[in-house]
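# Close look at the chain arrangement
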Amino acid sequence: QVQLVESGGGLVQPGGSLRLSCVVSGSFFADMGWYRQAPGKQRDLVARITRGGSETYADSVKGRFTITITRDNAKNTVYLQMNSLKPEDTAVYYCNAVRMFGGTQYWGQGTQVTVSS
């Protein structure tokens, strides 16, 4: 059974940093990524990364060189490093993984990120 276990969320002041981690059980995953959902809003892509390391960022975070997605294929882990956080980054962040064969998507349980002074 595939499980995605996220960690690293929490409360941080504006301008602060957080590093989210997601360990995925199982194997043969193509894209892995992070989505976020703010209260009353839909779940949107933040960033995703292919198995080969090609990164895609949402327009809402593109150009902010303070958000970086990486992955360690040997550890089946994807990371989201977020620096210079803003209050509008407050949301529940969800890890996502897509099977290499068949394209089935899997989701983590979500981790809360709150940016507030």
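Rules of the game
Residues numbered from 1 in each chain as written. Predicted model: local features only at pLDDT ≥ 70, side-chain atom pairs only at ≥ 80, totals over all residues. Heavy atoms only, no water. Salt bridge = Lys/Arg side-chain N within 4 Å of Asp/Glu carboxyl O. Helix = DSSP H or I, 4+ residues; strand = E, 2+ residues; numbered from the N terminus. Buried < 20%, exposed > 50% of the residue type's maximum accessible area, 1.4 Å probe, protein only. Patch = residues over 30% accessible without salt bridge, like charges linked within 9 Å, V, L, I, M, F, W, Y side chains within 5 Å. Areas by Shrake-Rupley, 256 points an atom, 1.4 Å probe, with all protein chains shown as cover. Core = buried A, V, L, I, M, F, W, Y, C linked by side-chain atoms within 4.5 Å.

### Quick word on the pattern of salt bridges
Per the counting criterion, the structure on display carries three salt bridges. Across the pair Arg48 and Asp31 runs a salt bridge, and its minimum N-O distance is 3.9 Å. Here Arg48, found in strand E5 (residues 44-49), pairs with Asp31, found in strand E4 (residues 29-37); they are 17 residues apart in sequence, far enough to count as distant. Relative accessible area serves as the criterion here: at 33%, Arg48 is assigned to the partly exposed category. Residue classification places Asp31 among the partly exposed residues on the basis of a relative accessible area of 26%. The salt bridge partner of Lys62 is Asp59, with a shortest N-O separation of 3.1 Å. Neither residue differs from the other here; Lys62 and Asp59 are each classed as exposed.

### Digging into unusual backbone geometry
Located in the positive-phi region is Asn76, a residue other than glycine, with phi close to 50 degrees. Mapped onto the elements, Asn76 comes out in the loop between strand E7 (67-72) and strand E8 (77-82). The exposure class assigned to Asn76 is buried, which follows from its relative accessible area of 11%.

### Here we look at a nonpolar patch on the surface
A cluster of nonpolar residues, Phe28, Met100 and Phe101, forms a patch on the protein surface that exposes about 340 Å² of accessible area. Tracing the sequence through the fold places Phe101 in the loop between strand E9 (91-99) and strand E10 (105-107). According to the relative accessible area criterion, Phe101 is exposed, its value standing at 61%.

### Some thoughts on the nonpolar core
By size, the foremost hydrophobic cluster in this structure holds 28 residues, and its most contacted members are Val24, Trp34, Ile69, Val78, Leu80, Met82 and Tyr93. Put simply, the parts of the chain that give this core at least two residues each are strand E3 (18-24), E4, E5, E7, E8, E9 and strand E11 (111-115).

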